[in-house]
Amino acid sequence: MEISHARARRWIQFDADYSLSAQDKEFLEAHLKSCTDCGQYAASIKEMESIIVPLMRRQWNLSPAPLSIESLQVGKTNTLTGGYLLATRTAIVGLICMVFLFSVWQLTFSHTPGLSTAAVPPIPTPSIQFTLTGSSQKNCTERSYIVQQRDTLDSIARQFASSKAEIMEANKLETESLHPGTTIWIPSCTFTPTGTVNASTTTYTPSIHPTTSTPGG
Amino acid sequence: MGKSVKVFVSTDVNPVERMHDAELAWLIPQCIAGHEDAIARLVHQYETGVFRLALSIVGDAAEANEITQDVFIAALRSLPSYQDHRSFKAWLYTITLNQSRTRLRKRKTLERLKNTLTSIFRVEVQKQAAPEEKVIQNEKEAVLWNCLNRLDERYRVVTVLRYFHELSTSEIADVLSIREGTVHSRLHNAREQLRSALEELDGI
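Note that the structure is a prediction, hence the values are computed from the model and not measured.

## A short note on the nonpolar core
In terms of nonpolar packing, the biggest core is built from 68 residues, with Phe88 and Leu92 of chain B touching the most fellow members. Among the elements that line this core, the one with the most residues is helix α2 (residues 36-58) of chain B, at twelve residues. Residues contacting Phe88 of chain B, with those up to four places away along its chain left out, are Leu24, Ile28, Leu42, Tyr46, Leu79 and Tyr82 of chain B. By size, the runner-up hydrophobic cluster in this structure holds twelve residues, among which are Ile3, Phe14, Cys35 and Tyr41 of chain A.

## A few points about unusual backbone geometry
In the Ramachandran plot, Tyr18 of chain A falls in the positive-phi region, its phi being about 60 degrees despite a non-glycine side chain. For Glu166 of chain B, which is not glycine, the phi dihedral falls at a positive 55 degrees. Counting through the fold element by element, Glu166 of chain B comes out in the loop between α6 (153-163) and α7 (169-176).

## Let's talk about the packing of aromatic side chains
Taken as a whole, this structure holds eight aromatic pairs over all chains when the rule is applied. Taking 5.3 Å as the distance between ring centres and 65 degrees as the angle between the ring planes, the aromatic pair formed by Tyr145 of chain A and Phe160 of chain A counts as edge-to-face. Here the residue Tyr145 of chain A occupies a position in strand β2 (residues 136-146), and Phe160 of chain A occupies one in the loop between α5 (153-159) and α6 (164-171), the gap between them amounting to 15 residues. You can call Tyr145 of chain A buried: its relative accessible area is 12%. Taken together through their ring pairs, the aromatic side chains of Tyr46, Tyr82, Phe88 and Trp91 of chain B make up a single cluster. Here Arg9 of chain A stacks its cationic end above the ring of Tyr41 of chain A, 4.7 Å away from the centre of that ring. One residue, Arg162 of chain B, lies across the ring of Tyr163 of chain B, its end atom 4.8 Å from the ring centre.

## Remarks on the packing of α7 of chain B against helix α8 (residues 180-202) of chain B
A pair of packed helices can be characterised by two numbers: the angle between their axes and the separation between those axes. Residues and elements named next belong to chain B. Packing of α7 against α8 brings their axes to within 8 Å, and their N-to-C directions diverge by 105 degrees. Our classification of the angle between α7 and α8 gives roughly perpendicular. Contact residues: Thr169, Ser170, Ile172 and Ala173 in α7; Glu180, Val183, His184 and Leu187 in α8. In terms of residue class, the contact of α7 with α8 is built from four nonpolar, three polar and one charged.

## Focus: the packing of helix α2 (residues 22-34) of chain A against helix α3 (residues 36-60) of chain A
Residue and element names in this part refer to chain A. Look at α2 against α3: their axes get within 6 Å of each other, and the N-to-C directions meet at 115 degrees. By the angle between their axes, α2 is roughly perpendicular relative to α3. When you trace α2 past α3, the crossing you get is left-handed. Residues His31, Leu32 and Ser34 of α2 pack against Thr36, Cys38, Gly39 and Ala42 of α3.

## Digging into helix α3 (residues 61-77) of chain B
Over its 17 residues, α3 of chain B extends 24 Å from the first C-alpha to the last, a length consistent with the 24 Å expected when each residue adds 1.5 Å. Among the residues making up α3 of chain B, those that are buried are Glu63, Ala64, Ile67, Thr68, Val71, Phe72, Ile73, Ala74, Ala75 and Leu76 of chain B.

## Remarks on the interface of chain A and chain B
Every contact between the two is made by 41 residues of chain A and, on the other side, 56 residues of chain B. Together, Tyr18, Met48 and Trp60 of chain A form the three largest contributors to the area buried by chain A at its contact with chain B, with a combined 17%. Counting across the chain A and chain B interface gives five salt bridges. One salt bridge connects Glu47 of chain A with Lys140 of chain B, and the closest N-O pair in it is separated by 2.8 Å. The interface formed by chain A and chain B holds 15 residue pairs in polar contact (both at pLDDT 80 or more) in total.

## Quick notes on α7 of chain B
All names here are of chain B. Buried residues dominate α7, accounting for six of its eight residues. Inspection of α7 places Thr169, Glu171, Ile172, Ala173, Val175 and Leu176 among the buried residues, and these make up the whole buried set. Within two residues after α7, Ser177 carries a phi angle of roughly 55 degrees, on the positive side.

## With respect to the side chain of Ser100 of chain B
If you trace the backbone, Ser100 of chain B turns up in helix α4 (residues 88-121). Leaving out residues up to four positions away in the same chain, Ser100 of chain B has contacts with Ala54, Ile57, Val58 and Ile67 of chain B.

## Observations regarding a nonpolar patch on the surface
Taken together, Leu110, Leu113, Leu117, Ile120 and Phe121 of chain B make up a surface patch of nonpolar side chains, about 520 Å² in accessible area. You can see Ile120 of chain B is positioned in helix α4.

## Topic: the pattern of salt bridges
Taken as a whole, this structure holds 17 salt bridges over all chains when the rule is applied. Residue Glu176 of chain A pairs with Lys164 of chain A through a salt bridge whose shortest N-O separation is 3.5 Å. With Glu176 of chain A in the loop between α6 and β3 (183-193) and Lys164 of chain A in helix α6, this residue pair connects regions lying twelve residues apart in the sequence. Residue Lys164 of chain A is classed as partly exposed on the basis of its relative accessible area of 27%. With a closest N to O distance of 3.5 Å, Arg107 of chain B and Glu63 of chain B form a salt bridge. With a gap of 44 residues between them, Arg107 of chain B in helix α4 and Glu63 of chain B in helix α3 connect regions that are remote in the sequence. Counted as one network, the salt bridges with shared partners bring together Glu63, Glu66, Asp70, Arg103 and Arg107 of chain B.

Conventions and cut-offs
- Residues numbered from 1 in each chain as written.
- Chains lettered and ligands numbered in written order.
- Predicted model: local features only at pLDDT ≥ 70, side-chain atom pairs only at ≥ 80, totals over all residues.
- Heavy atoms only, no water.
- Core = buried A, V, L, I, M, F, W, Y, C linked by side-chain atoms within 4.5 Å.
- Buried < 20%, exposed > 50% of the residue type's maximum accessible area, 1.4 Å probe, protein only.
- Helix = DSSP H or I, 4+ residues; strand = E, 2+ residues; numbered from the N terminus.
- Contact = heavy atoms within 4.5 Å.
- Phe/Tyr/Trp six-rings, centres within 6.5 Å; stacked < 30°, edge-to-face > 60°.
- Lys NZ or Arg CZ within 6 Å of the ring centre and 35° of its normal.
- Axes fitted to C-alpha atoms, helices over the stretch in contact; angles between N-to-C directions.
- Parallel < 35°, antiparallel > 145°, perpendicular 65-115°, else oblique.
- Nonpolar A, V, L, I, M, F, W, Y, C, P; charged D, E, K, R; others polar.
- Left-handed = near helix turned anticlockwise from the far one by under 90°.
- Expected span 1.5 Å × (residues − 1).
- Buried area = accessible area lost by both parts, 1.4 Å probe.
- Salt bridge = Lys/Arg side-chain N within 4 Å of Asp/Glu carboxyl O.
- Polar contact = N/O pair within 3.5 Å; in protein donor to acceptor, adjacent residues only side chain to side chain.
- Patch = residues over 30% accessible without salt bridge, like charges linked within 9 Å, V, L, I, M, F, W, Y side chains within 5 Å.
- Areas by Shrake-Rupley, 256 points an atom, 1.4 Å probe, with all protein chains shown as cover.

Here it is in structure tokens:
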């Protein structure tokens, strides 16, 4: 079976992992016989391996210092007592945290003075009163409109800056349903004041007698 | 890619032969019970492998010895929770790897702290002689060694496990808790980087 160069290189890599099946290995060998580039690739990998492996061995083929079994056993008990020590330490730290959190909680709740619980008369909002003297003029225009398929009274009112109530009054409509194709009159009116406007405000001075209670110590 | 027919050329790094599962099955409960000779046997079987793995990660023999001791202490402590379905060596190597990496991280933060202090206070700090350099014999070795140490940690670890500790890809996957496909892709990547580093030297 003919294999491509890309596949050959991939297989060379798998071969280096000792993960190439015997059959695939045969195909690879056949390819390498005729392909010099891939042959070069395989050779360069083998060369790299032949250098790096002895080098690693020279670096790391040392022997460990003899381990005394007693030290391992002693280590075991040490970690046991160490565990107790750690547990007590954690408990103490936890206790301190709880005390800290508790005091913080206490402080936040007693921070706002007794005002919130005392009866405070609500402060009335000062109001401004307008008085209109005179009259205003109403200007209305009416236009005809043919109702479309998806129209509603609201949509038409919006379109012509009018209101649903006005349209219904102008056309003497009893229901809100419209029939497409019918013609209706759309009034749009504007108001212009011709009189004068007086404004007066009433001011309040609230008197609060807070019953303060000293925050709990 | 078909199923593998493993052709292992075993020039075993660990000279002591592999422990049989049956012996392990008997040995482990003995160790849990605290019998010293059983512990001694277990330690003797695996200490070289553990030490060399630690050494290949941290680079320093003294530190590797400390790590070996810590590994066996930790292993003996958590031996009751060891599950049978996993290879014992892989389990032990995982502990070793974790310990080594923690040490390395601590050492790196210490180094950074030292550097900061020296730059602030302009104090001369004695540099420890890097022990690796003295073993390099020629330029090719220097290039490959440099490239290996420059590799990203995950690529370097699989390379060392594969070429130095001669673990199979499934064992590597077990030790690192990754899929076997990931092991393959990382090995291929590392190999390609090392190969091209060598190629650059040849000026091809």
